[in-house]
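# Examination of the molecular architecture
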Amino acid sequence: MNPRRIATHLNKIKGIRTLINHANRDKEIKANININSFVAIRDERSKEQKKSKQVPLTEKQLLAIYNYTNLKPREVEARDLFICQCLLGQRISDLPKIFKGEYAITLLDDENEVISFTVQKTREEATLYLFPVVKEILERYKQTGFKHIDLLIEDEKIVRRNEAKLNRTIKQVCKKVGLDSDVIYVEQIGEDVVEKKKKLFEMIHTHIARHTFATTVTLSNGVPIESVSKMLGHTNIKTTQHYAKILDKKVSDDMSVLRNLLQKEEELKKPGNNNH
């Protein structure tokens, strides 16, 4: 089960326990329900293990997705929506207002554009650079509309179905592109913490786009974390910092590779190892 769903279920269970406690204390209800035997299972995974499924895509992988052409019309729409998310960093709930043009535009001195709008979840203002690629995609769908994955329709049930369709379809796109490396991640099943393995394309969904924006598009390119927080519409910079921690791990992994290469070079320089 998705860890976020587990957390949601546990929160609901806590709410039920609180309700039962109130009922037990109420003299008129006299519920007398014994809940002492109920013990919620704790998530025993470390912070790093909990984030092991959050795999941001690299710039090379993003370009591979964007430039891939052998796609069905439904897959083209999924790809375009996903690329917009990766370059804007917004939740799926905020894409409709972006595609409808419900934002303020600021023209920069270099004639590029910045857009601002109120984030649906936090009610914070997000300010974003409008990449030319994103601008082209927005203009195209303003003319054609969506025919297969329409997130702009008013019916929330249809939007939820289309969001699920988007997640299924972007996996298909990434499989075609060849994003099939193995990803090791950690889950808790009952009280057992276990390692699991999936192909990268199986791990891709709309929220991975948000992680990709935060790490690959912004933090990796030296954008200050305060600015990234503003772009993501976070209310607290601590929320943004866990993206930086993911980036720190990547830097650590990259440095380990570099360190091994340097050690090999030092070994080659030692007397007796000269092959020339």
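Residues numbered from 1 in each chain as written. Predicted model: local features only at pLDDT ≥ 70, side-chain atom pairs only at ≥ 80, totals over all residues. Heavy atoms only, no water.

## Observations regarding the overall build of the chain
To keep it simple, the criterion reads: Each helix corresponds to a stretch of at least 4 residues labelled H or I by DSSP, and each strand to a stretch of at least 2 residues labelled E; elements are numbered beginning at the N terminus. Buried means the residue's accessible area, taken with a 1.4 Å probe over protein chains only, is under 20% of the maximum for its type, while exposed means over 50%, and partly exposed covers the values in between. Residues are treated as being in contact if the distance between any of their heavy atoms lies within 4.5 Å.
If you tally the helices and strands in the chain, you get 11 helices and 5 strands. Here the chain holds 276 residues, and 35% of them are scored as buried. Put simply, of all contacts in the chain between residues at least 6 apart along the chain, 58% involve residues at least 24 apart.

## Focus: the packing of aromatic side chains
The following threshold applies: In summary, the pairing rule links any two rings of Phe, Tyr or Trp, Trp by its six-membered ring, whose centres are within 6.5 Å, and it sorts them by plane angle into stacked for under 30 degrees, edge-to-face for over 60 and tilted for everything else.
Counting across every chain of the model gives 4 aromatic pairs. Note on Phe99 and Tyr141: the rings are 6.2 Å apart at their centroids and 75° apart in plane angle, and the pair reads as edge-to-face. In this pair, Phe99 sits in helix α5 (residues 95-99) while Tyr141 sits in helix α6 (residues 132-144), placing the two residues 42 residues apart along the sequence. Here Phe99 and Tyr141 have matching classes, each one buried. Where Tyr141 meets Phe146, the ring centres are 4.4 Å apart and the plane angle is 10°; that geometry is what we call stacked. Aromatic ring contacts, followed pair by pair, group Phe99, Tyr141 and Phe146 into a single cluster.

## Focus: the nonpolar core
Quick note on the threshold: Take the buried Ala, Val, Leu, Ile, Met, Phe, Trp, Tyr and Cys residues and link them wherever side-chain atoms come within 4.5 Å; each set so joined is a nonpolar core.
Counting residues in hydrophobic clusters, the biggest one holds 54 residues, and the most contacted among them are Leu57, Ile65, Leu81, Phe82, Phe99 and Ile204. At 8 residues, helix α4 (residues 73-88) tops the list of elements feeding residues into this core.

## Quick word on the pattern of salt bridges
The following threshold applies: Salt bridge, as used here, is a side-chain nitrogen of Lys or Arg placed within 4 Å of a carboxyl oxygen of Asp or Glu.
If you walk through the whole model with that rule in mind, you get 12 salt bridges. Lys53 is the salt-bridge partner of Glu187, the closest N and O atoms lying 3.0 Å from each other. Remark: Lys53 occurs in the loop between α2 (47-50) and α3 (59-67) and Glu187 occurs in strand β4 (residues 182-189); sequence separation between them is 134 residues. Among the residues examined, Glu187 registers a relative accessible area of 8% and is labelled buried.

## Remarks on the pairing of strand β3 (residues 125-129)
We count it as follows: At least two bridges found by DSSP between two strands is the condition for calling them paired.
Residues Ala126 and Leu128 of β3 are buried on one face, while the alternating residues Glu125, Thr127 and Tyr129, pointing to the opposite face, are not. Bridging between strand β2 (residues 113-118) and β3 involves 5 bridges; their strand directions are antiparallel. For Thr118, the partnering residue across the bridge sits in β3 and is Glu125. Counting the residues that bridge the hairpin from β2 to β3 gives 6 residues, and of these Arg123 lies at a positive phi of roughly 65°.

## Here's the deal with the side chain of Glu75
Worth spelling out the cut-off: Whenever a nitrogen or oxygen atom comes within 3.5 Å of another N or O atom, the pair is scored as a polar contact, on the condition that within protein one atom can donate a hydrogen and the other can accept it, and that pairs from neighbouring residues in sequence are kept only if both atoms are in side chains.
With respect to the secondary-structure elements, Glu75 resides in helix α4. Relative accessible area serves as the criterion here: at 3%, Glu75 is assigned to the buried category. In this structure the side chain of Glu75 is engaged in a polar contact, spanning 2.8 Å, whose partner is the side chain of Lys176. Ignoring sequence-local partners within four residues, the contact set of Glu75 consists of Asn70, Thr169, Gln172, Val173 and Lys176.

## Brief notes about the sheet that holds strand β1 (residues 104-107)
Applicable threshold: An axis is simply a line fitted to the C-alpha atoms; with a helix, the fit covers only the stretch in contact. Between two such axes, the angle follows the N-to-C directions and lies from 0 to 180 degrees.
Sheet architecture is open: 3 strands sit in the order β1-β2-β3, paired in antiparallel fashion. Looking at the sheet topology across the chains shown, the edges are occupied by β1 and β3. Direction aside, the axes of adjacent strands within the sheet are offset by 20° on average.

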